[in-house]
Structure formats: structure tokens, C-alpha cells
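Each chain, written out:
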Amino acid sequence: MNPARRAAHRTAQLAWEYSLFAPADVTSPRVCRDFVRAVLFTHDKESLVMPAALCTSELVTNVHLHTKGTAMLRIRLTPTGLRVSVFDESPDPPVVAYPVGGAVACWGRGLALVEEMADVWGVAEERAGRYAKGVWFELGGDGRSFLRRSNG
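Rules of the game
Residues numbered from 1 in each chain as written. Predicted model: local features only at pLDDT ≥ 70, side-chain atom pairs only at ≥ 80, totals over all residues. Heavy atoms only, no water. Helix = DSSP H or I, 4+ residues; strand = E, 2+ residues; numbered from the N terminus. Buried < 20%, exposed > 50% of the residue type's maximum accessible area, 1.4 Å probe, protein only. Pairing = 2+ DSSP bridges. Axes fitted to C-alpha atoms, helices over the stretch in contact; angles between N-to-C directions. Contact = heavy atoms within 4.5 Å. Salt bridge = Lys/Arg side-chain N within 4 Å of Asp/Glu carboxyl O.

What to know about the environment of Leu65
Okay, so step 1: Note that Leu65 resides in helix α2 (residues 46–66).
Okay, so step 2: Under the relative-accessibility criterion, Leu65 is labelled partly exposed at 44%.
Okay, so step 3: Residues Leu65 and Asp25, spaced 40 residues apart in sequence, show a C-alpha to C-alpha distance of 9.8 Å.

Some words on the sheet that holds strand β5 (residues 133–140)
Okay, so step 1: The five strands lie next to each other as β1-β2-β3-β5-β4, forming an open sheet whose pairing is antiparallel. The open sheet has two edge strands with one neighbour each: β1 (16–22) and β4 (120–123). Between one strand and the next, the sheet's axes are offset by a mean angle of 15°, whatever the strand orientation.
Okay, so step 2: Relative to the sheet, helix α1 (residues 28–42) contacts β1, β2 (71–78) and β3 (81–88), its axis offset from that of β1 by approximately 165°.

What about the pattern of salt bridges?
Okay, so step 1: Summed over the entire model, instances satisfying the criterion amount to three salt bridges.
Okay, so step 2: For Glu138, the salt bridge identified is with Arg83, shortest N-O distance 2.9 Å. On the criterion of sequence distance, the pair formed by Glu138 in strand β5 and Arg83 in strand β3 is long-range, its members being 55 residues apart.
Okay, so step 3: Looking at Glu138, the relative accessible area reads 26%, which means it is partly exposed.
Okay, so step 4: Given the relative accessible area of 28%, Arg83 is considered partly exposed.
Okay, so step 5: Its salt-bridge partner being Asp88, residue Lys133 comes within 3.0 Å of it at the nearest N-O pair.

Laid out in C-alpha cells, this is it:
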């Protein structure tokens, strides 16, 4: 969107932060994915929507599949990029599974997809309230690094 057309009530800000608590429910990955998409569309970051939605969905799905508790989603959007963190109640570290030479698997590749799509990802060192760990990813502000990988 042309900055000149930006709504007058939307002031320039260094960072925008959003949080969402998702119950231990099968609908949580979709709700969190849609929340991230809405935030990015609101801030005119269409180039980040697809990779951010996919990575968010994978991280929240992992919480749903591998823990019994709720998830907390944090979004931090700055002029230079996006960071999405998904916190859960399990202290167990995430495990990246890589497909073996042509093997087809129905699941188990979520973090490998995040690793491929995101500029960087990791496990948060800080706790968030009752949450034991957070897995996060970052994407550049314009989505170009993702576009280079997908077109190259």
C-alpha cells in the first residue's frame, strides 16, 4: 500500500507486538495462522504472509501434537522484520526430522520446513509465565530472502 494512503490514525511506530493464547484444541493451528495473516495484512506486509502462516502453523501444530497444554503466540513486527514465537508448557526440546533420501512421510517434517522457510529460527532462552519453552522464527521485513529461496 502506498504510504500516502495510510490511515491517518496509524502512526509510525518502531515495533508492533501482539499475543494470542490458543487452547489445546485441533483448531489452534488454524486460528494462530489466521491471526498472523491478519496482522501482516493489516500492516501491509503481504510478502510475508505465506511463509509466516506456514511456519506458524507448523509450530502450533507441534504444540498440539506433542504437548497437552495451551500455546501462547507472540508476534513482533518491526520495519526490518517479523519474529513469531510459540510458547508451550513442555520443557522437552524440539527435534528436527529430516527426510531420508526420497522417503515420503506424512508428518515429522514441520521444523525442517520452518528451517527452510524462515531466515532464522531457534528456541527461546526466556520463559513466558507458566510456559516452559518457546520456539521462534524470523523473516525479513520485505520477504525477499524467502522469495530468493523459492525462485532460486
